[in-house]
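Understanding the architecture of this molecule
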Amino acid sequence: MAFVLMNNTNAFLVTLLLLSLSYIPLSSSTIQQDFVMCLVDNSDASFPMDSSFFTHDLNASSFKLALETSAQNLRYLMPSNPKPEFIFEPLYETHVQAAVLCAKKLKLHLRLRSGGHDYEGLSYVSEMETAFVIVDLSKLRQISVDIESNSAWVHAGASIGEVYYRIQEKSKIHGFPAGLCTSLGIGGHIIGGAYGSMMRKFGLGADNVLDARIVDADGKILNRAAMGEDVFWAIRGGGGGSFGVILAWKIKLVPVPEIVTVFTVTRTLEQDGTKLLYKWQQVADKLDEDLFIRVIIQPTSKTPKSKERTISTSYQGQFLGDANRLLQVMQRSFPQLGLTKKDCLETSWIKSVMYIAGFPSTAPSEALLDGKSLFKNYFKAKSDYVEEPIPVEGLEGLWEKLLEEDSPLTIWNPYGGMMAKIPETETPFPHRSGTLFKIQWLTLWQDGKTSEAKHMGWMREMYSYMEQYVSKSPRSAYVNYRDLDLGMNGKGSDAREWGNRYFKGNFERLVEIKAKFDPENFFRHEQSIPTELE
């Protein structure tokens, strides 16, 4: 949709908007009124106020709902956290253009949200800017699948589950290699890399992007040709909120078999869990590219009625093929797991996605269209990459740390395969050859500020313990698992402290592209790409 400047705005619509705004108390800032009138002047103004524009002054309950619905980390929804002046949910691309232009004109700081999964709340909280607004893209969720060209255009507000559903609606033998959590917003997911259970076969979601549509700091919509190859490179793994507003991605579909096999095998420490995990580290990145086995590790009761805890290691796998071939691969490469035919479930690709995402086996594929995350906790997360197997004594020390905490969780995702074949400079996402697996660290709690210091302290202590066993120079991290402990813009720290961890040698190129594409640093947040390095 082309950008249109509307000088002769429909008088009826303007009247309705002004009537709505008249309910804002006189003591409140005129920011909301000025922004809405600017939107009217600079876009198609036919958006319903009550479902597109949310402010605490007009309707506190609907504002709260709009703010919190997709936000996962309750740690950033406390009363003490800064709140936006308002939330705007565009219905059309022209609304996004106008929102950028109006925020720039009124000197308002934008926070951009597609799915709300960012771990440090950067899409809905700003600690660095006093007056900020949220542009929530959740109503821009159109998906157009073209099986003939093996591609699809997907708007940024769509969830990855919706994308999977719309693909399988057209073809049972096409898929897309992206996230394991189906409520992820596709806009922010791909811009950080987008790993999933087919990455060993096809690479990341970002490795399978053909084109994109982005709104720049001047309110212009640019496709790949218009933005240029440097910016197109930067937005495929360079992290969200730095270069513009992603409107849509054109993704490349990949072939999937009619039969996909999934399984989960759980072993505790009493069942040689430590020895088995040590072996997994040695083989996980070398397995058949059709096979993905991740490990979910957490404390559990030794028996159903026991208060004594042990460590549970659950090996969750997806194999692009039938159970017979899977068993042959496992017997050859990882017989120690003891996988049997009884452990295996043969299903469709879409059902295998739902299995890994944790849906009940009876859930219909339409459940993917809900697009809402049921995961809401107070939590802190970190990430690591491992380049050499962690020795048995290192694992035993980790078990001691995990058993000290109430509800810790760690997930180990294997690399290798296609991930090792793509050069680390191909996109900003650099964690390729030489990486055995990635670790996600989580600790969760339910009593808010009461025990936050305790849990945050545990996480930092555990992270410090693991330093000797993970990647070094830099100690790498995944940008879509944001971690503000690594450093922040405007806090007296060198951006390289966190930039090199996320992007390694690609960070300086990202800074150069940012300086040319957004020299005024309009799109910014606590860990956005800076325009220069000190």
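Within every chain, residues take consecutive numbers counted from 1 along the sequence as written. With the structure being a predicted model, the display of local features is reserved for residues of pLDDT at least 70 and the display and counting of side-chain atom pairs for 80 or more, all residues being used for whole-chain, interface and lining totals. Think of the side-chain values as coming from all heavy atoms in the structure, minus any hydrogens and water.

Named according to an unreviewed UniProt entry, the chain is FAD linked oxidase N-terminal originating from Arabidopsis thaliana x Arabidopsis arenosa. UniProt positions are given in the numbering used here, feature names are shortened, and annotations may be inferred rather than shown by experiment. Per its UniProt entry, the chain bears the Cofactor (unreviewed entry) comment "FAD".

Only DSSP runs of H or I reaching four residues or more are called helices, and only runs of E reaching two or more are called strands; each is numbered from the N terminus. If you tally the helices and strands in the chain, you get 18 helices and 18 strands. Over its C-alpha atoms the chain spans a radius of gyration of 24 Å, differing by no more than 12% from the 24 Å that the globule rule assigns to 534 residues. In terms of principal-axis extent, the alpha carbons of the chain reach across some 70 × 55 × 45 Å. Each residue is assigned to one of three classes by its accessible area relative to the maximum for its type, calculated with a 1.4 Å probe on protein chains only: buried under 20%, partly exposed between the two thresholds, exposed over 50%. Within the chain, buried positions represent 58% of all 534 residues. Intrachain contacts of the chain at a sequence separation of at least 6 include 74% that bridge at least 24 residues. Considering the chain, the positive charge centre built from 57 side chains and the negative charge centre built from 63 side chains are found 3 Å apart. The globule rule is 2.2 Å times the number of residues to the power 0.38, and the radius of gyration it is compared with is taken over C-alpha atoms. What makes two residues a contact is simply this: any of their non-hydrogen atoms within 4.5 Å. Note that His is not counted, nor are the chain ends; the positive residues are Lys and Arg, and the negative ones are Asp and Glu. By convention, the point assigned to a charge is CZ for Arg, NZ for Lys, CD for Glu and CG for Asp.

Here we take up the UniProt feature "domain: FAD-binding PCMH-type" (unreviewed entry) in the chain. In the numbering adopted here, UniProt assigns the feature "domain: FAD-binding PCMH-type" (unreviewed entry) to residues 80–256. Segment residues 80–256 splits into 25% helix and 24% strand. End C-alpha atoms: 48 Å apart.

Moving on to the nonpolar core. Considering soluble globular proteins, one finds that nonpolar side chains tend to be buried as a cluster. Grouping buried Ala, Val, Leu, Ile, Met, Phe, Trp, Tyr and Cys residues that are joined through side-chain atoms within 4.5 Å yields what is termed a nonpolar core. I235, W249, I251, W280, F334 and W412 are the most contacted members of the largest nonpolar core, which has 125 residues in total. Residues in contact with F334, not counting those within four places in the same chain, are L276, K279, W280, V283, L287, I293, Y315 and V329. Grouped together as the second largest cluster of nonpolar side chains are 20 residues, Y119, I296, A381 and F429 included.

Along helix α13 (residues 349–357), the residues classified as buried are W349, I350, S352, V353, M354 and I356. One or two residues past the end of α13 sits G358, with phi positive at roughly 95 degrees.

The salt bridge criterion pairs a side-chain nitrogen of Lys or Arg with a carboxyl oxygen of Asp or Glu, the two atoms within 4 Å. A complete count under the given rule lists 32 salt bridges for this structure. Measuring nitrogen to oxygen at the nearest pair gives 3.9 Å for the salt bridge that ties R325 to D288. Remark: D288 occurs in the loop between α11 (273–283) and β13 (291–301) and R325 occurs in helix α12 (residues 323–333); sequence separation between them is 37 residues. Take R325: its relative accessible area is 32%, and that puts it in the partly exposed class. Linking K449 and E452 is a salt bridge whose minimum nitrogen-to-oxygen distance equals 3.7 Å. One connected set of salt bridges, linked through shared partners, spans R75, E120, K380, K382, R460, D483 and D485.

Pairing between two strands requires that DSSP report at least two bridges joining them. The mixed open sheet is built from four strands, whose spatial order is β1-β2-β4-β3. The open sheet is flanked by β1 (53–54) and β3 (109–113), the only strands paired with a single partner. With two bridges connecting them, β1 and strand β2 (residues 87–88) associate as antiparallel partners. Directly across from F53, in β2, lies its bridge partner F88.

Our focus in this paragraph is the side chain of D136. Relative to the helices and strands, D136 is located in strand β4 (residues 132–136). Judged by its relative accessible area of 3%, D136 is buried. Not counting residues up to four positions away in its chain, the partners in contact with D136 are I87, F88, E89, P90 and R113.

An automatic or database domain assignment supplies the residue ranges for each domain. According to the domain assignment, the chain contains domain 1 (31–136), domain 2 (143–256 + 485–517) and domain 3 (260–347 + 377–475). Taken residue by residue, the interface counts ten residues in domain 1 and 20 residues in domain 2. Take the accessible area each of two parts loses on contact, using a 1.4 Å probe, and add the two losses: that sum is the buried area. With both chains or domains summed, domain 1 and domain 2 bury close to 1300 Å², and 59% of this area falls on carbon and sulfur atoms. In terms of surface lost to domain 2, no three residues of domain 1 exceed E93, S114 and H117, which account for 41% of the buried area on that side. Where domain 1 meets domain 2, there are two salt bridges. One salt bridge in this structure joins E93 and R213, with 2.5 Å as the shortest N-O distance. Here a polar contact is taken to be a pair of N or O atoms separated by no more than 3.5 Å, where protein atoms must pair a possible hydrogen donor with a possible acceptor and residues adjacent in sequence count only if both atoms sit in side chains. Where domain 1 touches domain 2, the interface holds seven residue pairs in polar contact (both at pLDDT 80 or more).

It is worth spelling out the packing of aromatic side chains at this point. Planes of paired rings set the category: under 30 degrees apart is stacked, over 60 is edge-to-face and the rest tilted, where pairs are Phe, Tyr or Trp rings (Trp by its six-membered ring) whose centres lie within 6.5 Å. One pass over the full model with this rule turns up 21 aromatic pairs. Between F35 and F86, the ring centres sit 4.7 Å apart and the planes meet at 50 degrees, which makes this aromatic pair tilted. You can see F35 sitting in helix α2 (residues 31–42) and its partner F86 sitting in the loop between α4 (60–68) and β2, a full 51 residues away along the chain. On the accessibility criterion, F35 (0% relative accessible area) is buried. Summarising the aromatic geometry, the rings of W498 and F507 are spaced 5.6 Å apart at their centres and angled 65 degrees between planes, so their arrangement reads as edge-to-face. F507 shares its class with W498; the two are buried.

Going from S473 to P474, the amide bond is cis rather than trans, its omega being 5 degrees. Among the structural elements, P474 can be located in the loop between α16 (452–466) and α17 (496–503). Within the chain, A194 stands out as a residue other than glycine whose phi angle is a positive 70 degrees. Following the sequence through the fold, A194 ends up in the loop between α7 (186–191) and α8 (199–202). The backbone of S473 sits at a positive phi, close to 50 degrees, despite the residue not being glycine.

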